[in-house]
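# Fold and contact review
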There are 2 protein chains.
Amino acid sequence: MTPSSGQNAQADRPHTGRRRNERVREAILAAAMDLLAHSDGTPVTVDTIARAAGVGKQTIYRWWPSKGAVFLDALSERAATVAPEVDTGALAGDLEAFVTATFTGAAAPETAPVLRSLAREAAHDRHLAGMMSEFTAARRAALRDILERAGRRGELAGDADLDLMVDQVYGVLWYRLILDHAPLTADVAVRLARTLVAASAAR
Amino acid sequence: MTPSSGQNAQADRPHTGRRRNERVREAILAAAMDLLAHSDGTPVTVDTIARAAGVGKQTIYRWWPSKGAVFLDALSERAATVAPEVDTGALAGDLEAFVTATFTGAAAPETAPVLRSLAREAAHDRHLAGMMSEFTAARRAALRDILERAGRRGELAGDADLDLMVDQVYGVLWYRLILDHAPLTADVAVRLARTLVAASAAR
DNA sequence: CTCTTGCCGAGACTTTTGGTCTCGACATGA
DNA sequence: TCATGTCGAGACCAAAAGTCTCGGCAAGAG
């Protein structure tokens, strides 16, 4: 509270002064993505990003609450890679398309290191961890929609555990993405999708 | 390289002087586990561990290469919780027992926070990340053994992807453990085990 | 017993990094 | 023309990992 005068001096007064420079924003996000993608395992620091973008550190912190938030923003920017909301009319088709798009999108050489770094940062950044939670929840919801649609068509067994199915997909995705001990190819995606369909089909 | 005299002065000379105090080792591991288990999200620092164990920081670094190594050691100590190498003679039984033991063991209130913290630390600790890699690889191998045994008994379809099955188990485990958005109960474990069996059964 | 060796607790110190603060320059619109 | 708010630059602060040093002391060798 502690109002100065009127109701809300900040909201009422129109914006004056110099405006935000869009070029700067783009430069920061681009530099962040670039450093993340080409990082040789060494963590990407804020100073490095600022230096690479030719920007003051304060300019970064003026617009993003934490380093991780920049990463997430940078990723979301190019996340037109999001799974296409297909609807083939049958679970098998929908699921195979979704999982394949998700897996190959995540494993792509320009996104995989970003996701890995994002996960690393989230481990020590409360802000980012929260954002990642929302992000992953949204992705789960999208997949769950596909399954529920199939359920309404009567394609699923009555006792099928949709949440478990969803987590099987994203569990394998992140587990392999981070441990990097096995591939995340379209082939694997199709296999996994078929596994899920086979195990949950209405009897 | 750079030998002083003879072959290896260090290895030849028998150990003299004060010996390592086992009590100290135990105190450090116990303090680490305790702080990890009761951590309210705030990261556990080395100073905190040393303080809690009534120990000098150097004493920790004398015996462990990094903070994460202490955590891993502490966990391994109590990891008699490892899945029991059962052999019921059939895939369904073996898998259900293994996955249930693994899930409930990992989700137990005294181990879950430790695993979470371990994952967090591994994100920024090269040493620990390597150790975790070995650790998880060993767990995967144990599960894979069960599946291969079933394969030799002819219980699996010829084109079953054992690695994918393994990763579905550990993927769901870690994904739910870390995101904490859904439970890791025995019920879920059994469902998952049955799903895998159903989808991979020999046709 | 006594002496050397090496562990122990304590804490100062170094380095890295995320994040804040301040400053002079300058763009923007009233 | 002038208040407002952004910009780059860099000093500054705080937290935490890891190193170094020191006095004390336990354990075995002689």
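As recorded by an unreviewed UniProt entry, chain A carries the name TetR/AcrR family transcriptional regulator and is attributed to Streptodolium elevatio.

Here, the residues flagged by UniProt with the feature "DNA-binding region" (unreviewed entry) are residues 45–64 of chain A. Annotated as 75% helix and 0% strand, the span residues 45–64 of chain A places its first and last C-alpha atoms 14 Å apart.

A word on empty space enclosed by the protein. Residue and element names in this part refer to chain B. Tallied over the entire structure, the rule returns 2 cavities of 30 Å³ or more. Taken as a whole, the second largest cavity holds about 40 Å³ of empty space. Around the second largest cavity, the lining residues are Leu36, Pro43, Val44, Phe71, Ser117, Arg120 and Glu121. The dominant element in the lining of the second largest cavity, judged by the number of residues it contributes, is helix H7 (residues 112–122), at 3 residues. When the residues that make up the lining of the second largest cavity are grouped by side-chain class, the tally is 4 nonpolar, 1 polar and 2 charged. When residues are assigned to domains, the lining of the second largest cavity turns out to be shared by domain 1 (13–63) and domain 2 (72–200), each giving three or more.

This part takes up the interface of chain B and chain A. In this complex, chain B contributes 30 residues to the contact, which on the side of chain A involves 30 residues. Buried area between chain B and chain A, summed over both chains or domains, comes out near 2,700 Å², and the portion from carbon and sulfur atoms is 59%. Here chain B is connected to chain A by 4 salt bridges. Of the charged contacts, one joins Asp161 of chain A and Arg191 of chain B as a salt bridge, the two residues approaching to 3.5 Å between their closest N and O atoms. In this assembly, chain B and chain A are joined by 10 residue pairs in polar contact (both at pLDDT 80 or more). Looking at the side of chain B that touches chain A, the elements with two or more residues in it are helix H8 (126–152), helix H9 (162–179) and helix H10 (186–200) of chain B.

Residues and elements named next belong to chain A. Applying the stated rule across the entire model yields 26 salt bridges over all chains. Taking the shortest distance from any N to any O, the salt bridge between Arg149 and Asp94 comes out at 2.6 Å. Here the residue Arg149 occupies a position in helix H8 (residues 126–152), and Asp94 occupies one in helix H6 (residues 91–107), the gap between them amounting to 55 residues. Using a relative accessible area of 0% as the deciding quantity, one classes Asp94 as buried. Where Asp163 meets Arg144, a salt bridge forms, and the shortest distance between an N and an O atom there is 2.8 Å.

With that settled, consider the packing of helix H5 (residues 67–77) of chain A against H8 of chain A. Residue and element names in this part refer to chain A. With their axes 9 Å apart at the nearest point, H5 and H8 run at an angle of 25 degrees to one another. One finds that H5 runs roughly parallel with respect to H8. For the element pair H5 and H8, the recorded crossing hand is left-handed. Here Gly68, Ala69, Leu72 and Leu75 of H5 come into contact with H8, specifically with Leu128, Met131, Met132 and Phe135.

Here is what the cut-offs are and how they apply
Residues numbered from 1 in each chain as written. Chains lettered and ligands numbered in written order. Predicted model: local features only at pLDDT ≥ 70, side-chain atom pairs only at ≥ 80, totals over all residues. Heavy atoms only, no water. UniProt positions renumbered as here; feature names shortened; annotations may be inferred. Helix = DSSP H or I, 4+ residues; strand = E, 2+ residues; numbered from the N terminus. 1 Å grid on protein atoms, 1.4 Å probe; cavity = no way out; pocket = protein on both sides within 12 Å on 5 of 7 lines; lining within 4 Å. Points joined across faces, edges and corners; volume = space filled by probe spheres on them. Nonpolar A, V, L, I, M, F, W, Y, C, P; charged D, E, K, R; others polar. Domains from an automatic or database assignment. Contact = heavy atoms within 4.5 Å. Buried area = accessible area lost by both parts, 1.4 Å probe. Salt bridge = Lys/Arg side-chain N within 4 Å of Asp/Glu carboxyl O. Polar contact = N/O pair within 3.5 Å; in protein donor to acceptor, adjacent residues only side chain to side chain. Buried < 20%, exposed > 50% of the residue type's maximum accessible area, 1.4 Å probe, protein only. Axes fitted to C-alpha atoms, helices over the stretch in contact; angles between N-to-C directions. Parallel < 35°, antiparallel > 145°, perpendicular 65-115°, else oblique. Left-handed = near helix turned anticlockwise from the far one by under 90°.

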